[in-house]
Amino acid sequence: MKVIIIGAGLAGLTAAWELHKLGHETTILEARNRVGGRTWSQKLSNGQLTERGGEYVFPTEFEIRRLSAEVGVPVLTHNVRYGRRTVGTSHVSFAELNETSARLSSTLTTMLGDGLDRVSVDDVYSATLGGNFRANPLYCRIRTSLAADPARISAEAAILHESSSANGYVEDGGRFLNGNQSLALELARRLAPAVRLESPVIGVDQSRTGVQVTLADGGSIDADAAVITVPFPLLRSLALGFDLNPAQRIALDHRFMGTAAKLGVPLTRVDGDSALQHGDQAWWSWRSMSADGENRVPALSCFAGGEATLQALETVAGPRTWLAALQEMRPELVLDGDPLLTDWTSDEWAQGSYSAASLDWTADDIGAFKLPSGRVAIAGEHTGIAQSLNGAVESGVRAAAALRLLS
């Protein structure tokens, strides 16, 4: 079977790899001049590698860890208190994190059992922690990670299924040895010459016997099937000559795109805190463990989530405001070169960071993409419950399995 994969991010490359192992012929069309999509590793001016996109591989994210082991891409520990960041001068204990998380889940379960719908993350935190919930360090953390307004996000999706803790929280987030983009690069190396860069797609159509993909340059490619893995806003803008199945249309209508920015900061000196969260704004900074397992890397990584935070940090104008805020929060910071800012809002081929589940989301949406729409499967973090690197890989595996039904 000939299959066209639209998008060479982790979702698309995973789908192509799974289909390749089954003996299918794949063509991977990527709009950018690189593979990896929202995984993008780059060196700072001091030579330290930083992540401009996806950062964490959590211990219970088994699919991406299986894939990385299969193709020989090692995982290192960040050794960062991801869930217990310092806010002010202290951080919560592991026991307190687990106790508060259990209370939040219990409150949410009760609310859902009472028949409440459209329950937001803010609703649950308020009911559990009281009127001052926004000052709670765990709320500061989830507000940042969601990359969108928590009052607009389904609590059931965000709290009961969140990537870092859905299978129990373990505080040992990982990263790939040579940068998170290295997994995509290795998959692309193994799949070459099937990968075609700078080949944006504008339309997809299908018949009972095949599919046709239209490129921006006016050309077209025919195949037996296709997998569409472009980010959520680009999927919305594709000219589809067919209807997605009803469950998929509903599931996509229940999502919206969040936005985030990253800042990589080369340094010669900084304080000793590995994970520091801003108390008022939705951003934090951390310093990962190096490959030697003893020393931390000579750089800070920073993540800001949500439109309001990006506006406050003036990311559209460059790193100056954010860097000043960082130096105020970490006065011991001494730079070793220029910081590297990535604002995913302005990225042409993403138009945001990752998607969020709206208040209309329901658990029925989870299984919406297990089957293809005709000869076309849809993949990407927006088609699953985990808006993470692992979520992208899971979606690629699922899309390949869906197309096996056509064989």
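Residues numbered from 1 in each chain as written. Predicted model: local features only at pLDDT ≥ 70, side-chain atom pairs only at ≥ 80, totals over all residues. Heavy atoms only, no water.

Looking at an unreviewed UniProt entry, one finds the protein named FAD-dependent oxidoreductase and attributed to Cryobacterium shii.

It is worth spelling out the side chain of Q206 at this point. Structurally, the position occupied by Q206 is in strand 9 (residues 201-206). Here S373 takes part through its backbone oxygen, which lies 3.0 Å from a polar atom of the side chain of Q206. Apart from the residues lying within four places of it in its own chain, the contact partners of Q206 are V211, F242, S373, G374, R375 and V376. (Helix = DSSP H or I, 4+ residues; strand = E, 2+ residues; numbered from the N terminus. Polar contact = N/O pair within 3.5 Å; in protein donor to acceptor, adjacent residues only side chain to side chain. Contact = heavy atoms within 4.5 Å.)

Applying the stated criterion to the full structure yields 12 aromatic pairs. When the centroid spacing of 4.9 Å and the interplanar angle of 55° are considered together, the rings of Y56 and Y82 count as tilted. A residue pair is termed long-range when its members are at least 10 positions apart, and Y56 in the loop between strand 4 (49-51) and helix 2 (62-71) and Y82 in the loop between strand 5 (75-77) and strand 6 (86-87) qualify at 26 residues. Considered together, Y56 and Y82 belong to a single accessibility category, that of buried residues. Where Y125 meets Y139, the ring centres are 5.3 Å apart and the plane angle is 70°; that geometry is what we call edge-to-face. Here the residue Y125 occupies a position in helix 4 (residues 121-129), and Y139 occupies one in helix 5 (residues 137-146), the gap between them amounting to 14 residues. Relative accessible area serves as the criterion here: at 4%, Y125 is assigned to the buried category. One aromatic cluster in this structure is built from Y56, F58, Y82, W284 and W286. (Phe/Tyr/Trp six-rings, centres within 6.5 Å; stacked < 30°, edge-to-face > 60°. Buried < 20%, exposed > 50% of the residue type's maximum accessible area, 1.4 Å probe, protein only.)

Moving on, we get to the environment of S290. Along the chain, S290 turns up in the loop between strand 17 (283-286) and strand 18 (299-305). Setting aside chain neighbours within four positions, we find S290 in contact with R175, N295, R296 and V297. Among the polar contacts made by the side chain of S290, one reaches the side chain of D292 at a distance of 2.7 Å.

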